[in-house]
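# Results of the structural survey
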Amino acid sequence: MPYIDIPSRDDYVSIWYITNSDYGNVGSFDPERPTCILLHPLFLDSSWLIRHFDDPRLSKEYNLIAFDQRTCGRSRCRPSQWHDSYVDAADLAMACQALLLPPSHILAFEGISVNAALRLTTLWPEQVLSLTLCDVPPPTELQWVFHAYDELLQLWCHAPDLDSFEHAGNEVVTFMTGESDNLDLQDDVCHFRPIAPQLLSQSQLIAYWEKYTPPTKRLRIVELVNIMMNVSAIWRSFVFPAHVSRKRTLLRPEELASIACPVLIIQGEASPIAPLKYAEKLKQHLPNAQDGPRLYVVKGAKACLNIIPGSASIVNQVFSKFLAQQPRARSDLLPSNMTIRERSKVALSKLAEFVGIPSIAQRDPCSPLSFSCVKADVAKSQLENLMFYAKGLDKAYCPLGRDGRPLRKYSERKKEAHWFQGDKHGNSYIDTSELQAARNYKGYKQSHSKIANSPERPVAGSLTANKESLVTDEVAQDGRMRRTTYNASSVDKHVIRGTMQKVVTQSGQLPKGLITKALLPS
């Protein structure tokens, strides 16, 4: 199986990867072709890079390899409060060294991948031939995005039934792509299955989440969202206004200035999550990029450049032309002059110099968690967050059948009124008979009576905002406190009087209904 295990005393991680080679492994790479590493976007995995793997402009000219981030897809890890983008970069670097990968071209999509790719380039520059970043995120999440993540986390992790989970998936699809009426896209995400690239759709997204990140695996989502909401950013806070959070592990100007390889930035013109101005600012903070950083704007594109067919094709065209301008490199699989431990120790020393914390250089070089720059107070909050969501994990709802496949496509759901939507009289109802029948189902009881003994189990230890506003320390801390006091049973109501929007507005707790238009930018 194409897994890379990274053994260490304080961590457990096994990274899944895919390639375009004949036998699905690195050993069958063509040494005459350069190698490209593709990093998947947020909430998805390497299987969603199929539009790039199947494009002959890339697959016939380059060796392609893609890794699943430790909390995504088929990769496995133990939940950790120390996980940040530096840890993701260390995972990637150690996996490349274990596979004896040659220096490679990097293509990274969206927040977590862009942040990891930048850190990889600063700490392991010899591993990167060129850097291509798609949809560069803001330095910290925009406030409306932060609150949207917060609400979606509750909907996703505490879904009591299939309808509720599909509703959460639909909200995430709308949030990610800006499309709310593409049933094919919903089917793919919620009930993922092998598909042709031309059929990627909304239903596929929901199918994927039902299989790989159901409520029974909610710690993966919690840890992933922690990176985005608490510790993920690009620039150091003093580059921006003083109110921007200083608790995040941000890249400093000297780190960005150390990037000397060719850099290409591909940004959607109309992305509400990753506004174009932040790509332009990042370009200004890469003064030493070879021949200067380049910025290509995809006209009319909103987000998810790797999913929307037209945008993905443009990315492939621009990326392939950019690579054609670079010197042709071979892909001989040769052992490095330094062991993984020795090279990681050098990277830790470099990181200690960047962040000004000498003790980092003395950490265990075999553990990716040694590269974490999460502050102690944030780590404490994130540990409490993980422990909170770990409660009742064995009793969480699973949207899969006994065969391990989704029960239905999103497009096949019943068209009857759901309690999330009110009827013509303004009242919302939920049919408890179907819910009770599902809970009485033999397979349901069996699936909820087993407590897995897995290394992935944890160890002890105003909603509307200006769409340009960034998250502050106070907002981040308030969000962390709210997430650990959330009561999942508070949404278990058979009849809700009035519209959901009215109920949500009047509620004193964190809203758990629809992400209304007030949350989204106009």
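These numbers were taken from a predicted model, which means no experiment stands behind them. (Residues numbered from 1 in each chain as written. Predicted model: local features only at pLDDT ≥ 70, side-chain atom pairs only at ≥ 80, totals over all residues. Heavy atoms only, no water.)

## Things to note about the confidence of the model for the protein chain
Our working rule: As a per-residue measure, pLDDT reflects the predictor's confidence and takes values from 0 up to 100. Each helix is a run of DSSP H or I of at least 4 residues and each strand a run of E of at least 2, with the numbering of both proceeding from the N terminus. Should any heavy atoms of two residues lie within 4.5 Å, those residues are counted as being in contact.
Averaged over all residues, the pLDDT of the protein chain is 77; the fraction at 70 or higher stands at 69%. Ranking the helices and strands of the protein chain by mean pLDDT puts strand β3 (residues 35-39) first, with 97, and strand β12 (residues 495-496) last, with 42. Within the model, pLDDT remains below 50 along residues 231-248, and this stretch shows 80 contacts once partners closer than five positions in the same chain are excluded. Overall, residues 460-466 carries pLDDT values under 50, and its contacts beyond four positions in sequence, including any with other chains, amount to nine contacts.

## A look at the packing of aromatic side chains
Convention followed: The pairing test for Phe, Tyr and Trp rings, Trp by its six-membered ring, is centres within 6.5 Å, and the orientation test on the planes gives stacked under 30 degrees, edge-to-face over 60, and tilted for anything in between. To sort residues, take the accessible area from a 1.4 Å probe on protein chains only and compare it with the maximum for the residue type: under 20% means buried, over 50% means exposed, and anything in between is partly exposed.
Evaluation of the coordinates by the stated rule reveals nine aromatic pairs. With a centroid separation of 6.1 Å and 45° between ring planes, the pair formed by Tyr17 and Phe67 is classed as tilted. Note that Tyr17 is positioned in strand β2 (residues 13-19) and Phe67 in strand β4 (residues 63-67), a separation of 50 residues in sequence. Each member of the pair, Tyr17 together with Phe67, is buried. Here Tyr208 and Tyr212 contribute two aromatic rings whose centre-to-centre distance is 5.1 Å and whose plane-to-plane angle is 35°, an arrangement assigned as tilted. Of this pair, Tyr208 and Tyr212 both sit in helix α8 (residues 204-212), four residues apart, which is roughly one turn of that helix. Across the pair, exposure class does not vary: Tyr208 and Tyr212 are buried alike.

## Some points on the environment of Asn170
Turning to its location among the elements, Asn170 is positioned in helix α6 (residues 162-177). C-alpha of Asn170 to C-alpha of Ile206: the two residues are 36 residues apart in sequence and 7.1 Å apart in space.

## Details of the pattern of salt bridges
Two side chains carrying opposite charge are able to pair once their charged atoms lie near each other. To keep it simple, the criterion reads: Between Lys or Arg on one side and Asp or Glu on the other, a salt bridge is scored when a side-chain nitrogen of the former is within 4 Å of a carboxyl oxygen of the latter.
Counting across every chain of the model gives 12 salt bridges. Put simply, Glu61 and Arg328 hold a salt bridge, and the shortest N to O gap is 3.8 Å. Remark: Arg328 occurs in the loop between α12 (309-324) and α13 (340-355) and Glu61 occurs in the loop between α2 (56-59) and β4; sequence separation between them is 267 residues. As a salt-bridge pair, Glu126 and Arg343 come within 2.8 Å of each other at their nearest N and O atoms. Of this pair, Glu126 sits in the loop between α4 (110-123) and β7 (128-134) while Arg343 sits in helix α13, placing them 217 residues apart in sequence. Owing to a relative accessible area of 40%, Glu126 belongs among the partly exposed residues under this scheme. Residue classification places Arg343 among the buried positions, given a relative accessible area of 9%. The network of salt bridges with shared partners includes Asp11, Arg70 and Asp91.

## Quick notes on unusual backbone geometry
Phi is positive for Phe43, close to 70°, though the residue is something other than glycine. Within the secondary structure, Phe43 sits in the loop between β3 and α1 (50-53). Positive phi outside glycine occurs at Asp135, with the angle close to 60°. With respect to the helices, strands and loops of the structure, Asp135 is situated in the loop between β7 and α5 (143-157). You can call Asp135 buried: its relative accessible area is 4%.

## Thoughts on helix α14 (residues 376-390)
Using the following cut-off: For a helix, the expected span equals 1.5 Å multiplied by the number of residues minus one.
For α14, which comprises 15 residues, the first-to-last C-alpha distance of 21 Å matches the rise-based estimate of 21 Å (1.5 Å per residue) to within 8%. Along α14, the residues classified as buried are Val378, Ala379, Ser381, Gln382, Leu383, Asn385, Leu386, Phe388, Tyr389 and Ala390. Following α14 by one or two positions, Gly392 has its phi on the positive side, about 70°.

## So, the nonpolar core
Short version of the rule: Nine residue types can take part in a nonpolar core, namely buried Ala, Val, Leu, Ile, Met, Phe, Trp, Tyr and Cys, and a core is a set of them joined through side-chain atoms within 4.5 Å.
Residues Ile37, Ile65, Phe67, Leu101, Leu133 and Phe371 are the most contacted members of the largest nonpolar core, which totals 54 residues. Looking at which element gives the most residues to this core, the answer is helix α3 (residues 85-98), with eight residues. If we skip the residues at most four places from it in the chain, Ile37 touches Ile65, Phe67, Leu92, Cys96, Leu101, Ser104, His105, Ile106 and Leu107. Of all hydrophobic cores here, the second largest spans 43 residues; its members include Trp48, Leu152, Ala168 and Leu393.

## Let's talk about the packing of α3 against α4
Here is the rule: The axes used here are C-alpha line fits, helices contributing only the stretch in contact, and every angle between their N-to-C directions lies in the interval 0 to 180 degrees. For any helix crossing, the convention is left-handed if the near helix is rotated counterclockwise from the far helix by under a right angle, and right-handed if that rotation is clockwise. In the scheme used here, Gly and all other residues not listed as nonpolar or charged are polar, with Ala, Val, Leu, Ile, Met, Phe, Trp, Tyr, Cys and Pro taken as nonpolar and Asp, Glu, Lys and Arg as charged.
Relative orientation of the contacting elements α3 and α4 amounts to 65°, with a least axis distance of 8 Å. Note that α3 runs across α4; the crossing there is right-handed. Facing Ser85, Tyr86, Asp88, Ala89, Leu92 and Ala93 of α3, the residues of α4 in contact are Asn115, Ala116, Arg119, Leu120 and Leu123. Residue classes in the contact of α3 with α4 are distributed as seven nonpolar, two polar and two charged.

## Quick word on the packing of α3 against α13
A pair of packed helices can be characterised by two numbers: the angle between their axes and the separation between those axes. The criterion, for reference: Should an angle lie under 35 degrees it is considered roughly parallel, over 145 roughly antiparallel, and from 65 to 115 roughly perpendicular; all remaining angles are considered oblique.
Put simply, α3 and α13 touch, their axes get as near as 11 Å, and they point 155° apart. In this view, α3 runs roughly antiparallel relative to α13, as classed from their interaxial angle. Crossing handedness for the pair α3 and α13: right-handed. Across the interface between the two elements, Tyr86, Met94, Gln97 and Ala98 from α3 touch Ile340, Arg343, Ser344 and Leu351 from α13.

## Side note on the state of the cysteines
Quick reminder of the rule: In plain terms, two cysteine sulfur atoms within 2.5 Å form what is called a disulfide here.
Scanning all chains against the criterion turns up zero disulfides. Unpaired in this structure, Cys72 has its nearest cysteine sulfur neighbour in Cys77, at a distance of 9.2 Å. We classify Cys72 as buried; its relative accessible area is 3%.

## What about the side chain of Gln81?
Summarising the element assignment, Gln81 is placed in the loop between β5 (76-77) and α3. Classification of Gln81 by relative accessible area gives buried; the value is 17%. Excluding its chain neighbours within four sequence positions, the residues that come into contact with Gln81 are Val374, Ala379, Gln382, Leu383 and Leu386.

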